[in-house]
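Structural overview for review
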Amino acid sequence: MNDPDAWRGRVVDAHGHLGGWSGFAIADTSAESLVALMDRCGVAAMCVSHLLGVGPDARAGNALLLAELARWPGRFLGYAVYDPHDPEAPGRVRDLLGEPGMIGVKLHPDTHRHPLDGPGYEPAFAAAAATGAIVLSHGEHGSPWSDPARFATVAGRHPAVPLLMGHAGLWPSGFAAAADVAQRCPNVVLETCGSRMTARHLARLVADVGADRMVFGSDALFLDLRVGLGRVVLAPLDPADRDRLLFGTMTRLLEGAR
């Protein structure tokens, strides 16, 4: 698109959160404030998990997420958090993926202290494969739980599952490793949020991987939506690649998930 503002109102944020976090203060955790910020930034929809679910209580967090999806249909799309230590999680995730507005599964190996390619997460990938759901996992280069190499392993096991690598490896030292996995594994898509990601790093990843294999994420409410969005809008990218990052690639994945 030649119009520099053509992305406004079409952005799909692939990685957001609702609720608060015990590790630090979030000044305003209300969904109303987040939707108002999305409106100001031209974000049409945000794909979210609930931080209570990512943290200590996946069951309660997922219940709160369902309530917000019902309150804000179309503005929030849901990832059900999968706790690999909950013996009832396989049945629960299948039920959750049938709920309106639920589009995928959220895994956080570092919080759960279980490797992404470990046996505890296999039922989550099986449920995603059976329903066409997206899987978003925290990805952190050098982590014993979520290093990019583990994404390559599970991507090979489940080639039909769209697998978003959250943070594209997180650290600048890991961006090349994340890009290598995406180049080798057609179902791995790099998601871009993180406080260490810069416009320069973003442009390099697009050059190496292609914008059709990357999606924009903000990590709100952990990080500021405006900062993450501004990084993409101001990066030295071809306008068509910017549109793919901001809405094109994720829209395609969501169409498959629905």
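Residues numbered from 1 in each chain as written. Predicted model: local features only at pLDDT ≥ 70, side-chain atom pairs only at ≥ 80, totals over all residues. Heavy atoms only, no water.

One can describe the packing of helix α7 (residues 148–157) onto helix α8 (residues 175–184) by two numbers: an axis separation of 9 Å at closest approach and a directional angle of 10°. The orientation of α7 relative to α8 falls into the category roughly parallel. Between α7 and α8 lies a crossing of right-handed hand. Contact residues: α7 offers Pro-148, Ala-149, Phe-151 and Ala-152, while α8 offers Ala-177, Ala-178, Val-181 and Arg-184. Along the lines of polarity and charge, the residues of the contact of α7 with α8 split into seven nonpolar, no polar and one charged. (Axes fitted to C-alpha atoms, helices over the stretch in contact; angles between N-to-C directions. Helix = DSSP H or I, 4+ residues; strand = E, 2+ residues; numbered from the N terminus. Parallel < 35°, antiparallel > 145°, perpendicular 65-115°, else oblique. Left-handed = near helix turned anticlockwise from the far one by under 90°. Contact = heavy atoms within 4.5 Å. Nonpolar A, V, L, I, M, F, W, Y, C, P; charged D, E, K, R; others polar.)

What follows deals with unusual backbone geometry. The phi torsion of most residues other than glycine is negative, and most of the peptide bonds are trans. Each neighbour pair has its own omega, and for Ala-220 with Leu-221 the value is 10°, a cis peptide bond. Positionally, Leu-221 belongs in the loop between β8 (214–215) and α10 (225–234). Even without a glycine there, the phi angle at His-167 is positive, about 70°. Residue Leu-170 is not a glycine yet carries a positive backbone phi of 75°. Residue position: Leu-170 is located in the loop between β6 (163–166) and α8.

For Val-93, the location among the structural elements is in helix α4 (residues 89–96). On the basis of relative accessible area, Val-93 is assigned to the buried category, the value being 2%. In sequence terms Val-93 and Ser-146 are 53 residues apart; their C-alpha atoms lie 21 Å from each other. Setting aside chain neighbours within four positions, we find Val-93 in contact with Ala-80, Tyr-82, Val-105 and Ala-127. (Buried < 20%, exposed > 50% of the residue type's maximum accessible area, 1.4 Å probe, protein only.)

This part covers the state of the cysteines. Evaluated as defined, the whole model comprises zero disulfides. The cysteine Cys-47 is free of any disulfide, with Cys-193 supplying the nearest cysteine sulfur at 12 Å. Cys-193 gets classed as buried once you look at its relative accessible area, which sits at 1%. (Disulfide = S-S within 2.5 Å.)

Attention shifts here to the sheet that holds strand β4 (residues 102–107). As summarised here, the arrangement of the eight strands in space is β1-β2-β3-β4-β5-β6-β7-β8, forming an open sheet in which the pairing is parallel. On the outer flanks of this sheet lie β1 (11–18) and β8, each paired with one strand and no other. The strands touched by helix α1 (residues 31–41) are β1, β2 (43–50) and β3 (76–81); relative to β2, the strand with the most contacts, the crossing angle is about 145°. Relative to the sheet, helix α11 (residues 239–257) contacts β1, β2, β3, β4, β5 (134–138), β6, β7 (188–191) and β8, its axis offset from that of β1 by approximately 75°. (Pairing = 2+ DSSP bridges.)

The next thing to look at is the packing of aromatic side chains. The tally for this structure, following the rule as stated, stands at three aromatic pairs. Judged by centre distance (5.3 Å) and plane angle (65°), the ring pair of Trp-21 and Phe-222 falls under edge-to-face. With Trp-21 in the loop between β1 and α1 and Phe-222 in the loop between β8 and α10, this pair connects stretches of sequence that are 201 residues apart. Aromatic side chains Phe-24 and Phe-222 sit 5.4 Å apart centroid to centroid with 55° between the ring planes, which places their arrangement in the tilted category. With a gap of 198 residues between them, Phe-24 in the loop between β1 and α1 and Phe-222 in the loop between β8 and α10 connect regions that are remote in the sequence. (Phe/Tyr/Trp six-rings, centres within 6.5 Å; stacked < 30°, edge-to-face > 60°.)

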